[in-house]
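Descriptive analysis of the structure
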Amino acid sequence: MNRYKFFFLCVGLLCGMHLSAKDYYATDFGVKADGRTLNTNSIQKGIDFVNEQGGGRLVFTTGNYLTGTIYLKSNVTLHLEEGATLLGSTNPWDYEKDSYIRWMSMIFAVKQQNIGITGKGTINGRGFQTANNMVDYIQRGIYEDPLKLSRPNETNRPQNIYFRECENVTIKDITLRDPASWNQTYDQCKNLYVDGIHVDSKSYWNNDGIDIVDCDGVVLKNSFIDAADDALCFKSHDANSMCQNVVVENCVGRSSASGLKFGTVSRGGFRNFKVKDIKIYDTYRSAITFAAVDGALIENIEVDGVRSIHTGNVIYLRIGDRWSAGKRPVMKNITIKNVYAEIPMDKPDAGYNYEGPIEDLPRNISPASIVGLPDYKIQNVTLQNIEIVSPGGGNPYYAYRGLTPAELDSIPEMVTSYPEFSQFKELPAWGFYIRHAEGITFDNVTFKALKKDYRPAIVTDDAQGVTFKDVRFIEPESEEKQQIFPYKSEVKQTGLK
Amino acid sequence: MNRNKLFVSVIGLLVFVASLSAKDYQVSMFGIKSDGVTLNTRSIQRAVDYISGQGGGRLVFYVGRYLTGSIELKSNVTIRIEEGAALVAVPSVYDFKGTNGCNALIYANKQKNIGIGGKGIIEGRNKAVRTSIEEQLQKGHIKGNVSDYAPALICLDGCEDVKVEQITLQDACNTAGIYKDCRNVTIDKVVVNAQTSESNAVSISGCDGMKMTDCYFNMVVEPLQTAGTSRNLTFTNCLTPDGKAVSTDK
């Protein structure tokens, strides 16, 4: 009797499972898991069929599935079981350059709803080989590309995923590896949910970890991202769109560029972000960098909980005027709190594939910076409960920027330049440099240099309403040193140690 | 002065003649692989598009097996399959398409000055392709009959100045060569091998001007199917295994 009960229970459970999203198996569409059959058209048929049947999951069981460009359609989830790999063709001709998106990708979705890629399987673009094959074709003259910096343009190399104008997108548990270009782009999507993904993206130049472009309603959490280019990257390509209403939580990033980045393309803006508990390590440039260089509005951003270990720079906020086309850049109401950061003397990304380029030399260790423009100030930034450990040791015989008005004014504005923390070469502070800003508050912040530096910890230039509350400086052999140097600034200090 | 004029006109004539002669492109230039495993469809298509865009020429396949799905032939391009080379159909229904419902390994619609030649083979892999079609029909992923999907080897629709020469057309899933509404077609020294009842050698409809010479049809069914009104068809020394000459009148 009990046995019967168990049997019926099982039947009942199976029925229940069938009522939820229906599963279709890729192999039923003639898709082969042998790693050498090019399955592009069979997988596409599977997607089309599931879509026509009203939706469900197209399931890939253990095996290697070779493919070129496929288009995901509404109500279809690609489910990659553990051990299943979507293997990108290494032949650039097997990829579409979508005429609307004007980019190449392995998996596209354009204007689709309720789509996803889930499961503990892998998407492996094998981008190194694909990109180099493309270089060969360009060199032979059978593909047109300027081959700038001896690499094909980003748009002529396939990403792993490019979703554009999609709604209700779920990316969960998957591993994304080795794209030929950026890795995964979600562009003008609504309700994007990314949870528990693992990214290993350092097989070729411009290998970002994740690019979220002009999306509204984003959750990105519990993910690990190791990338040659920017790791957790938000962009705004469209002056009339924005990245907004975004939660980033419990993510780990590693990059030969920057960890958490807004920009560089920053036309529309970034609004209402809550970033909680991120770790950035072995990262060449900045752990956190927000760029409004193309007319972006950046406002209401809270970053709470950052461990930045072995990272070249901690915070870099920059307003520039690069491709603004007359749009006024704004950066205001930013809180960064509960940060612990260690900056090394050595190159943080040494040994990783596609290490960041060594440039802007000579320069001693660069400080964290907030740099606006004379006409566009960065406003209302609160830095709270922060400890930054720097190597110090700035040597004036190697690179020198003194504190005279002439020397401080000699720092170029670099209005139209690409924004990087190192762009000004030697800066006059070892801890923090602030220029063209209003309402900057430091509250319970510790700056620690491991070796004596010739520079003060902090220099402000054209900064109004700067408050230092409970700010501590620890630097060997420097007890009497004036660590805050205001220039053309209005600065208030309380509880300094 | 006259000598200069002569010189210039000779050079001009040479340039003109050179531009008329077809340029050869090796398939390796386009990353097309001869391993029999790599699916070359898009690489071959890319090559055809490129050569057509450059004004024309021959895409030359040397020894090896070249796996492919459907290719669309474009104006002024000749696919040349040299001795020892085989263009091999991939056994997957979803890799075939065609023009106006005429699925084929090589198809063209309203193209001019096109060719398929060389002493190589085009291999349809009838059984394997058919299995894929039947399997997908059975699973309900596609609807209809096998014949709705079975690809021909060559299907040319509304094309002009066509040359098919020397090639061996083998093991087609459907008719080996379908010619609809074409003008000025030359078929010379073509061998068709097909040991199944599903395959005709040649299907001709609505064509004006076709010369078929020295062809050999190794078939179990009638090699020739003519439908619709075709004009100016001539068949010279085209034989079946029992020595019968092929002609339009049965």
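The structure contained in this document is the topic of the report that follows. Given the structure is predicted, the values throughout are model-derived calculations rather than measurements.

**Overview of the state of the cysteines**
Under the definition given, this model contains 1 disulfide over all chains. The disulfide partner of C102(B) is C155(B), and the gap between their sulfur atoms is 2.1 Å. Judged by the sign of its S-S torsion, about 125°, the cystine formed by C102(B) and C155(B) is right-handed. Separated by 53 residues along the polypeptide, C102(B) in strand β9 (residues 102-109) and C155(B) in strand β12 (residues 152-157) bring together distant segments of the chain. In this structure C102(B) comes out as buried when scored by relative accessible area, which is 6%. For the unlinked cysteine C189(A), the closest cysteine sulfur is that of C215(A), found at 4.6 Å. Looking at C189(A), the relative accessible area reads 2%, which means it is buried. Distance from the sulfur of C233(A), which forms no disulfide, to the nearest cysteine sulfur (C243(A)) is 9.1 Å.

**Considering the layout of surface pockets**
As a volume, the largest pocket reaches approximately 1,400 Å³. Along the walls of the largest pocket sit 48 residues, with E154(A), W182(A), N206(A), D229(A) and Y418(A) positioned nearest its centre. Put simply, the parts of the chain that give the lining of the largest pocket at least two residues each are β12 (158-164) and β23 (260-266) of chain A. Take the lining of the largest pocket: its biggest share by element is 4 residues, from β23(A). Residue classes in the lining of the largest pocket are distributed as 17 nonpolar, 10 polar and 21 charged. For the second largest pocket, the calculated volume is near 600 Å³. Lining the second largest pocket are 27 residues, and of these N41(A), W93(A), E96(A), R42(B) and K97(B) sit closest to its centre. Only α2 (40-52) and β8 (96-97) of chain A together with α2 (41-53) of chain B provide two or more residues apiece to the lining of the second largest pocket. If one sorts the elements of the lining of the second largest pocket by residue count, α2(B) sits on top with 5 residues.

**Section: the pairing of strand β3 (residues 57-61) of chain B**
Residue and element names in this part refer to chain B. Among the 5 residues that make up β3, 4 are buried, leaving the element largely enclosed by the rest of the structure. Across 5 bridges, β3 lies against strand β6 (residues 77-81) in parallel orientation. Among the inter-strand pairings, R58 is bridged to a residue of β6, identified as T78.

**Overview of the sheet that holds β6(B)**
Residue and element names in this part refer to chain B. The strand order across the open sheet formed by 8 strands is β1-β3-β6-β10-β13-β16-β19-β22, and the pairing between neighbours is parallel. Edge positions in the sheet fall to β1 (24-26) and β22 (231-236), since each of these pairs with one other strand and no more. Going across the sheet, the axis of each strand differs from the next one's by a mean of 10°, ignoring polarity. The strands touched by α2 are β1, β3 and β6; relative to β3, the strand with the most contacts, the crossing angle is about 155°.

**So, the nonpolar core**
The biggest cluster of nonpolar side chains holds 188 residues, and the ones touching the most others in it are F60(A), I107(A), I117(A), F163(A), F234(A), F290(A) and F61(B). Considering every element that reaches this core, the biggest residue donor is strand β24 (residues 269-292) of chain A, with 9 residues. Among the nonpolar cores identified, the runner-up in size contains 11 residues, and Y316(A), L408(A), F424(A) and L427(A) belong to it.

**Focus: the packing of aromatic side chains**
Residues and elements named next belong to chain A. Tallying each qualifying case throughout the model produces 27 aromatic pairs over all chains. When the ring of F442 is compared with that of F468, the centres are 5.0 Å apart and the planes differ by 20°; the resulting orientation is stacked. Taken together, the positions of F442 in strand β29 (residues 432-451) and F468 in strand β30 (residues 458-474) put the pair 26 residues apart, joining distant regions of the chain. An aromatic cluster of at least three residues, connected via ring pairs, comprises Y71, W103, F108, Y162 and W182. Directly above the aromatic system of Y284 lies the positively charged group of K347, at a separation of 4.4 Å from the ring centroid.

**Some remarks on the side chain of Q184(A)**
Take Q184(A): it is sitting in strand β15 (residues 184-187). Side chain to side chain, Q184(A) and Y186(A) meet in a polar contact 2.6 Å long.

**Section: the interface of chain A and chain B**
Facing the 19 residues of chain A at the interface are 19 residues of chain B. Linking chain A with chain B are 2 salt bridges, by the criterion used here. Note that E96(A) is salt-bridged to R42(B), the shortest N-O span being 3.0 Å. Here chain A is connected to chain B by 15 residue pairs in polar contact (both at pLDDT 80 or more). Mapped onto the side of chain A that touches chain B, the elements with two or more residues apiece are β2 (34-38) and α2 of chain A. By residue number, the principal contributor to the side of chain A that touches chain B is α2(A), which donates 4 residues. Considered class by class, the residues forming the side of chain A that touches chain B number 8 nonpolar, 5 polar and 6 charged.

**Some remarks on the sheet that holds strand β7 (residues 85-89) of chain B**
All names here are of chain B. In space, the 7 strands of this open sheet follow the order β2-β4-β7-β11-β14-β17-β20, with parallel pairing throughout. In this open sheet, the two edge strands, each paired with only one partner strand, are β2 (35-39) and β20 (216-219). Recorded for the sheet is a direction-independent mean angle of 15° between the axes of neighbouring strands. As defined by bridge partners, strand β14 (residues 168-170) adjoins strand β17 (residues 191-194) across 3 bridges and the pair is classed as parallel. Bridge pairing links L169 to V192 in β17.

**Points about the side chain of T168(B)**
All names here are of chain B. The topology assignment puts T168 in strand β14. Its relative accessible area of 15% is what places T168 among the buried residues. Apart from the residues within four sequence positions on either side, T168 is in contact with G120, I121, I122, V191 and N193.

**A look at the environment of N300(A)**
Residues and elements named next belong to chain A. Mapped onto the elements of the fold, N300 is located in strand β25 (residues 297-319). Its relative accessible area of 34% is what places N300 among the partly exposed residues. For the pair N300 and N245, spaced 55 residues apart in the sequence, the C-alpha separation amounts to 9.8 Å. Once residues lying within four places of it in the same chain are set aside, the contact partners of N300 are R271, N272, F273, K332 and N333.

**A few points about the pairing of β12(B)**
All names here are of chain B. Counting buried residues along β12, 6 of its 6 residues qualify, which places the element largely inside the surrounding structure. By the bridge criterion, 5 bridges tie β9 to β12 in an arrangement that is parallel. Directly across from A104, in β12, lies its bridge partner A152.

**Describing the pattern of salt bridges**
All names here are of chain A. As enumerated under the stated definition, the model contains 35 salt bridges over all chains in all. Its salt-bridge partner being R254, residue D226 comes within 2.9 Å of it at the nearest N-O pair. On the criterion of sequence distance, the pair formed by D226 in strand β20 (residues 224-227) and R254 in strand β22 (residues 243-255) is long-range, its members being 28 residues apart. Each member of the pair, D226 as well as R254, carries the same accessibility label: buried. The partner of K274 in a salt bridge is E302, and the shortest N-O contact between them spans 3.0 Å. Taken together, the residues span a long stretch of sequence, with K274 in strand β24 and E302 in strand β25 at a distance of 28 residues. Salt bridges sharing common partners tie together D200, K202, D226 and R254.

Rules behind the numbers
Residues numbered from 1 in each chain as written. Chains lettered and ligands numbered in written order. Predicted model: local features only at pLDDT ≥ 70, side-chain atom pairs only at ≥ 80, totals over all residues. Heavy atoms only, no water. Disulfide = S-S within 2.5 Å. Helix = DSSP H or I, 4+ residues; strand = E, 2+ residues; numbered from the N terminus. Buried < 20%, exposed > 50% of the residue type's maximum accessible area, 1.4 Å probe, protein only. 1 Å grid on protein atoms, 1.4 Å probe; cavity = no way out; pocket = protein on both sides within 12 Å on 5 of 7 lines; lining within 4 Å. Points joined across faces, edges and corners; volume = space filled by probe spheres on them. Nonpolar A, V, L, I, M, F, W, Y, C, P; charged D, E, K, R; others polar. Pairing = 2+ DSSP bridges. Axes fitted to C-alpha atoms, helices over the stretch in contact; angles between N-to-C directions. Contact = heavy atoms within 4.5 Å. Core = buried A, V, L, I, M, F, W, Y, C linked by side-chain atoms within 4.5 Å. Phe/Tyr/Trp six-rings, centres within 6.5 Å; stacked < 30°, edge-to-face > 60°. Lys NZ or Arg CZ within 6 Å of the ring centre and 35° of its normal. Polar contact = N/O pair within 3.5 Å; in protein donor to acceptor, adjacent residues only side chain to side chain. Salt bridge = Lys/Arg side-chain N within 4 Å of Asp/Glu carboxyl O.

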